[in-house]
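# Per-entry structural report
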Amino acid sequence: LQVLALCLQLCGQPLKLHWVHKVLLVLTLLVVAAAFTGLGIKWAEEWKSAWISLQATGPFLHIGAVGGMTLLAWPLASFIYRTRSTGLRVFVLLLYCAAMIALYLAPLGITSPCIMEENQLPPKPALVGHRGAPMLAPENTLMSLRKAVDCDVQVFETDVMVSADGVPFLMHDEELTRTTNVQTVFPERAALNSTAFNWTDLQQLDAGSWFLERRPFPTVQSLSPDDRQEAAEQRIPSLEQALEAAKHSNISIMFDLRPENHSDYQNFVNVTLGVILQSGIPLQQVLWLPDGFREDVKQQAPGVQHVYGRKRVENEKEPVLHVNLPYQDMSSEEIRQYRQDNISVNLYVVNQPWLFSVLWCSGVSSVTTNACQVLKEMEHPIWLLPSSTYFMIWIVVDCVSFLIIIWAFVLMK
C-alpha cells in the first residue's frame, strides 16, 4: 500500500483516503515497526546470520532490486514530465540515476561461495546428529541415536552428566523437567540438578513421552505408530549404553561434559574417561569437547580426538586439528583457510538447506544438525553458478533494465 501510494503521488493522482484508512495505515506501520523491534531484541543473535543469508540470496536480490527499480521508471517519468519545478525534476532524476547505477554495479561487491565452477565444489559436509535425530525421536536417547544412524550421520553429538552415584548419562539440561516426567515421579525433587539423582532414580523416569506431548518439531506428528510407541518407551541412557551403540553402528560420538562449574568436575572427567576406556570403543571414535582438565585427558586416553570450541590462536602449543563453532562465527574465507591447513571445521546448528548449501560451497568439513533426514537427501547445493554464467546474467539484466527505462521515458513523453 505504501509503494502504491508513493507511485500515485509521483503521478500526481490524489489518494482521497478516508480518515479510517489513514488511521489503519498508521496503526499498521506502528504494529509492523513494533513487531520488527521486538523480534530484533528477542532474537538478536539471528542478526549474525544476515551476512550469510545475503551470500545465499545476493545474486537473486540484485535481480529483484533491478527489476523493482526499473518498474518505478513509469511513475517517475510521469512525475518529471508533469512537475513544473526544474530543480525538483533534476534532483529526483539524479537520485534515481544514482540508485540505478549503484544497482547496476552491485555485483562487483556481491560475493557468494556458490559462485564457482562445478568441478571446484568441495565434498559434501559430513552430518553430525545434534543429540541424535531430535526431529524424529526424543533427544539424547538410544532411539535418537539409531534414527541418526539411519540418516547416515558420522557423529552422534550429545551431552553427558554424572549421577550422584558416579554413572555418566546422557542429558543436556541441568534440570530434568523439560525432557522427563520427574515432576510426576519425584515432585519434591524436580527442581534439583540432574547430578543430584542416583542412577536408580534416573532409570525410573520416562524420557520419551514429553516428545509426543509437546511436539518440539512439526515432524513429530508424522511419526509412524511403531515410532510413537518406541518413543514413549525411551529411558535416559547411560554413556556406557551410548558408547556400545556407537561402537556397534561404527559412528563417532562427540560430547560435552556438564555442568562445567560443578565442584566435583575433575571427578566427573575421571569417571567419564573410565567408562570410555572400559567400553572398548576405538578411541579415535571419541571426540572430546570439554576444555576442563584437557591435559589429564590427553595423558589418560591419548587416542581420543580433541575438538576445540574456539578458533586457533597464534603460537599454539599443540596443533588444533578439530574446531566446533557456531556457524555465525566462521566466515567463508576462514573456512577455506582452515581447510587448506587440514583443520576439520564443524559448525552448528545447521537445519536449513539454503544454509547447508552456503557452508557446503565454503568447504566446511561437517555440520551439526537437527534435520539430518533433510540434509541427507541433498545431493547438490540448492544453486551453483559458474562465474561466467553469473557475469552473463548480470550484463543481460542490466542491459534489459536500461532499455526498459529509456522506453518508459520515451512513452511517457
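All of these numbers come straight from a predicted model, not from anything done at the bench. (Residues numbered from 1 in each chain as written. Predicted model: local features only at pLDDT ≥ 70, side-chain atom pairs only at ≥ 80, totals over all residues. Heavy atoms only, no water.)

Now for the packing of helix H4 (residues 73-82) against helix H5 (residues 86-105). Helix packing for two helices is described by the angle between their axes and how far apart those axes are. Here H4 crosses H5 at 160°, and the two axes come no closer than 10 Å. In terms of axis orientation, H4 runs roughly antiparallel to H5. As H4 packs across H5, the resulting crossing turns out to be left-handed. Contact residues: H4 offers Ala-73, Leu-76, Phe-79 and Ile-80, while H5 offers Leu-88, Arg-89, Val-92, Leu-93 and Tyr-96. (Axes fitted to C-alpha atoms, helices over the stretch in contact; angles between N-to-C directions. Helix = DSSP H or I, 4+ residues; strand = E, 2+ residues; numbered from the N terminus. Parallel < 35°, antiparallel > 145°, perpendicular 65-115°, else oblique. Left-handed = near helix turned anticlockwise from the far one by under 90°. Contact = heavy atoms within 4.5 Å.)

Here we come to the domain arrangement of the protein chain. Domains assigned within the protein chain are domain 1 (1-34 + 50-112 + 387-412) and domain 2 (126-376). Of note, the centres of domain 1 and domain 2, computed from C-alpha atoms alone, are 48 Å apart. Taken together, the four residues of domain 1 in the interface contact six residues of domain 2. For the domain 1 and domain 2 pair, buried surface summed over both sides reaches about 400 Å², with 75% attributable to carbon and sulfur atoms. Interface area lost by domain 1 to domain 2 is led by Ile-52, Gln-55 and Ala-56, which between them contribute 84%. (Domains from an automatic or database assignment. Buried area = accessible area lost by both parts, 1.4 Å probe.)

All of the buried residues in helix H14 (residues 332-340) are Ser-332, Ile-335 and Tyr-338. The buried residues of H14 occupy an angular sector of 125° when projected down its axis, which confines them to one face. Away from its buried face, by an angle of more than 90 degrees, H14 presents the exposed residues Glu-333 and Gln-340. Against the buried residues of H14 lie helix H3 (50-71), strand S7 (322-326), strand S8 (344-348) and helix H15 (353-362). Directly beyond the C-terminal end of H14, a positive phi value near 60° is found at Asn-342. (Buried < 20%, exposed > 50% of the residue type's maximum accessible area, 1.4 Å probe, protein only. Arc of directions from axis to C-beta.)

We now examine the state of the cysteines. Overall, the coordinates contain one disulfide when judged by the stated rule. The partner cysteine of Cys-114 in its disulfide is Cys-361, sulfur to sulfur 2.1 Å. Taking the sign of the S-S torsion, 95° for the link of Cys-114 and Cys-361, the bridge is right-handed. Linking Cys-114 in the loop between H5 and strand S1 (126-130) with Cys-361 in helix H15, this pair joins segments that are 247 residues apart in sequence. Here Cys-114 matches Cys-361 in class, with each residue buried. The thiol of Cys-399 is unpaired, and the distance to the nearest cysteine sulfur, on Cys-97, comes to 16 Å. (Disulfide = S-S within 2.5 Å.)

Another point: unusual backbone geometry. Residues Arg-258 and Pro-259 are joined by a peptide bond in cis, for which omega reads -10°. That bond from Tyr-348 to Val-349 is cis: its omega, -20°, falls within 30 degrees of zero. The residue Val-349 is located in the loop between S8 and H15 in this model. In this structure, Asn-140 is a non-glycine residue whose phi angle is positive, near 55°. Within the secondary structure, Asn-140 sits in the loop between S1 and helix H6 (142-150). Taking relative accessible area as the criterion, Asn-140 reaches 5% and is therefore assigned buried. For Asp-152, which is not glycine, the phi dihedral falls at a positive 65°.

With that settled, the discussion passes to the UniProt feature "domain: GP-PDE" (unreviewed entry) in the protein chain. Taking the numbering used here, the UniProt-annotated feature "domain: GP-PDE" (unreviewed entry) corresponds to residues 125-379. Structurally, residues 125-379 comprises 35% helix and 16% strand, and the distance from its first C-alpha atom to its last is 11 Å. (UniProt positions renumbered as here; feature names shortened; annotations may be inferred.)

Moving on: the pattern of salt bridges. This model, assessed by the stated rule, comprises 14 salt bridges. The residue Asp-150 makes a salt bridge to Arg-146 at a minimum N-O spacing of 3.7 Å. Of the two residues, Asp-150 and Arg-146 both sit in helix H6, four residues apart, roughly one turn of that helix. Look at Arg-146 and you get partly exposed, because its relative accessible area is 34%. Counted as one network, the salt bridges with shared partners bring together Arg-131, Glu-139, Asp-159, Asp-173 and Arg-178. (Salt bridge = Lys/Arg side-chain N within 4 Å of Asp/Glu carboxyl O.)

Moving on, we come to the UniProt feature "transmembrane region" (unreviewed entry) in the protein chain. Residues annotated by UniProt as "transmembrane region" (unreviewed entry) correspond here to residues 23-41, 61-81, 88-110 and 391-412. When the span residues 23-41 is considered, its composition is 100% helix and 0% strand, and the gap between its end C-alpha atoms is 27 Å. This span, residues 88-110, is 78% helix and 0% strand, and a straight line between its end C-alpha atoms measures 33 Å.

Here we take up the pairing of S8. In this sheet, S8 lies alongside S7 in parallel orientation, the contact comprising five bridges. Bridging across to S8, Leu-325 finds its partner in Leu-347. For the segment spanning S7, H14 and S8, crossover handedness is right-handed. Sheet topology note: the S8/strand S9 (residues 366-369) ladder contains two bridges and is parallel. (Pairing = 2+ DSSP bridges. Right-handed = clockwise from strand over helix to strand, strands pointing away.)

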